[in-house]
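So the chains spell out like this:
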Amino acid sequence: YGDHRDLHSFPTRRSSDLDEQLEDLDSKCDLIYAASATGFKKTYWRLFRASRQAGSKVKLESIQFVSDEPYIPWELMRVWDKDSPDELPEILGVRHAVGRWMASDSCELRQELHIKKIAVCATSYKGIPNIQPLPWAEEERKYLQDNFSTFDVKMVRAEVKKFLETGMAEVVHFSCHGDMRAQQPEDSSLELEDTNIKPGLVGRPETRLGIGKSKPLVFLNACQVGGAGEVLGLVFGWPQAFLNIGSTACIAPLWSVIDENAHNIAEDFYKMTLIDSAPKSLDHASQSID
């Protein structure tokens, strides 16, 4: 993908190039599995085999990681077992619904969230000089407005700050340009129409006493903002900032995303979790999105 949520066009890739990219991805996922604890591997395969033997009576569907290791995306590990040669290596988050949570915040895990209002913080940047437009961000706004009880937060610093400190909503949806700086995570940003905001604006007592009271689910549909880095020996980044104020969950991409794809993913997610007659949990919805 490009460096931003964008509309760049890309040349058609040869199948050999795609194969190499997939092999490179697999190798990175293999490293994550290699870094996982031996106890986890033994327990996982014991449960996996027991589930297979039990058939439909016992299903191993969901895995929740509660860990003090915040940097490694455990859901991307590619699991395999020398004692199960018939089971091809598979990415854990493809085989199961997987969630991650910090051990220090495990007491705040919640099973459900009752949605009354969705705050939409989205901009297409139309008419804003020197910023690449995001027309599909406007489509996201329309989709949410047409299907749910929503209200808009104007994408300028003063209005976003006021919302964070005084607003109430069970879901907060951002759709904009984003940037993650792993070496200096405190300088990561969401690009508004007049300036940028940084995670420090979110992770303050004023915000915990504001939007934090709603314990919202936060959907950051902006490039790379799912990453984290280290500040003063502590984990820091956009997800941590929102989780630290008491958010129920934070959904954000680790890598760059294309504007239309980002819109489609958001639409599928909300449809699965809030519209379908048999709604999916957050982890099952994330697993099911193509």
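Just so we're clear, the structure is a prediction, and the values are computed from it rather than from any experiment.

Asks: Talk me through the side chain of Ser67; I want residue IDs and the actual numbers.
Replies: Mapped onto the elements of the fold, Ser67 is located in strand β1 (residues 62–67). A relative accessible area of 18% means that Ser67 is categorised as buried. Here Ser67 is in contact with Trp74, Trp101, Met102 and Ala103, once residues within four sequence places are set aside.

Asks: Kindly report on the pairing of strand β5 (residues 118–122), identifying the contributing residues and their values.
Replies: A regular strand places its side chains so that they alternate between the two faces of the sheet. Of all 5 residues making up β5, 5 are buried, and the element is well covered by its neighbours. Residues of β5 alternate between two faces, with Ile118, Val120 and Ala122 on one and Ala119 and Cys121 on the opposite face, all of them buried. Of the strand pairs in this sheet, β5 and strand β6 (residues 150–152) are connected by 3 bridges, and their pairing is parallel. When the bridges of β6 are listed, Ile118 appears paired with Thr150. Handedness of the β5-helix α4 (residues 135–147)-β6 crossover: right-handed. Across 5 bridges, β5 lies against strand β7 (residues 171–175) in parallel orientation. Looking at β7, one finds that Val120 is bridged to His173.

Asks: Lay out the sheet that holds strand β9 (residues 189–191) in plain terms, naming residues and giving numbers.
Replies: Within a sheet, each strand pairs with its neighbour through backbone hydrogen bonds, oriented either parallel or antiparallel. Read from one edge of the open sheet, 3 strands run β8-β9-β10, paired in antiparallel fashion. Each end of this open sheet is capped by a strand with a single partner; those strands are β8 (177–179) and β10 (196–197).

Asks: Quick rundown of the sheet that holds strand β14 (residues 249–251)? Include the residues and the values.
Replies: Sheet architecture is open: 5 strands sit in the order β6-β5-β7-β11-β14, paired in parallel fashion. Looking at the sheet topology across the chains shown, the edges are occupied by β6 and β14. Sheet twist, expressed as the mean angle between neighbouring strand axes with direction ignored, is 15°. When β7 meets strand β11 (residues 217–221), the two strands line up parallel, connected through 5 bridges.

Asks: Can you explain the nonpolar core? Please cite residues and give values.
Replies: Side chains that are nonpolar tend, in soluble globular proteins, to be buried together. Counting 28 residues, the largest nonpolar core has Val160, Leu164, Phe174, Leu190 and Phe242 as the members making the most contacts within it. Contributions of two or more residues to this core are made by β5, α5 (157–166), β7, α6 (199–202), β11 and α8 (238–244). Other than its neighbours up to four places away in sequence, Leu164 contacts Leu201, Val202, Glu206, Thr207, Gly210, Ile211 and Phe242. If you look at the next biggest cluster of nonpolar residues, it comprises 16 residues, including Phe148, Phe219, Tyr270 and Ala285.

Asks: Outline a nonpolar patch on the surface, listing residues and values.
Replies: Taken together, Leu18, Leu22 and Leu25 make up a surface patch of nonpolar side chains, about 240 Å² in accessible area. Here Leu22 is to be found in helix α1 (residues 15–35).

Asks: Before we move on, could you go through α4 and cite the residues and values that matter?
Replies: Between its terminal C-alpha atoms α4 stretches 19 Å, which fits the 18 Å expected from 13 residues at 1.5 Å a residue. Turning to α4, its buried residues are Ala137, Glu140, Arg141, Tyr143 and Leu144. One face of α4 carries all of its buried residues, which in axial projection span an arc of 160°. Looking at the buried positions of α4, the neighbouring elements they touch are β5, β6, β7, β11 and α9 (259–275).

Asks: Give me the lowdown on the packing of aromatic side chains, citing residues and values where you can.
Replies: Counted according to the given criterion, the structure contains 14 aromatic pairs. Between Tyr44 and Trp45, the ring centres sit 5.1 Å apart and the planes meet at 80°, which makes this aromatic pair edge-to-face. The pair formed by Tyr44 and Trp45 is uniform in burial state, with each residue classed as buried. Among the aromatic side chains, those forming a connected cluster through ring pairs are Phe40, Tyr44, Trp45, Phe48, Phe65 and Trp74. Lying over the aromatic face of Tyr33, Lys41 brings its terminal NZ or CZ to 5.0 Å of the ring centre.

Asks: Account for the pattern of salt bridges, with residues named and values stated.
Replies: A full pass over the atoms with the stated rule returns 15 salt bridges. Asp81 is the partner of Arg49 in a salt bridge, and the nearest nitrogen-oxygen pair spans 2.2 Å. With Arg49 in helix α2 (residues 38–54) and Asp81 in the loop between β2 (78–79) and β3 (90–91), this residue pair connects regions lying 32 residues apart in the sequence. Here Arg49 falls in the partly exposed class, since its relative accessible area comes to 31%. Between Glu165 and Lys161 there is a salt bridge whose closest N-O contact spans 3.0 Å. Here the residue Glu165 and the residue Lys161 both occupy positions in helix α5, the gap between them amounting to 4 residues, near one helical turn. When its relative accessible area of 30% is taken as the criterion, Lys161 is described as partly exposed. Several salt bridges converge on common partners, so that one network encompasses Lys161, Glu165, Arg204 and Glu206.

Here is what the cut-offs are and how they apply
- Residues numbered from 1 in each chain as written.
- Predicted model: local features only at pLDDT ≥ 70, side-chain atom pairs only at ≥ 80, totals over all residues.
- Heavy atoms only, no water.
- Helix = DSSP H or I, 4+ residues; strand = E, 2+ residues; numbered from the N terminus.
- Buried < 20%, exposed > 50% of the residue type's maximum accessible area, 1.4 Å probe, protein only.
- Contact = heavy atoms within 4.5 Å.
- Pairing = 2+ DSSP bridges.
- Right-handed = clockwise from strand over helix to strand, strands pointing away.
- Axes fitted to C-alpha atoms, helices over the stretch in contact; angles between N-to-C directions.
- Core = buried A, V, L, I, M, F, W, Y, C linked by side-chain atoms within 4.5 Å.
- Patch = residues over 30% accessible without salt bridge, like charges linked within 9 Å, V, L, I, M, F, W, Y side chains within 5 Å.
- Areas by Shrake-Rupley, 256 points an atom, 1.4 Å probe, with all protein chains shown as cover.
- Salt bridge = Lys/Arg side-chain N within 4 Å of Asp/Glu carboxyl O.
- Expected span 1.5 Å × (residues − 1).
- Arc of directions from axis to C-beta.
- Phe/Tyr/Trp six-rings, centres within 6.5 Å; stacked < 30°, edge-to-face > 60°.
- Lys NZ or Arg CZ within 6 Å of the ring centre and 35° of its normal.

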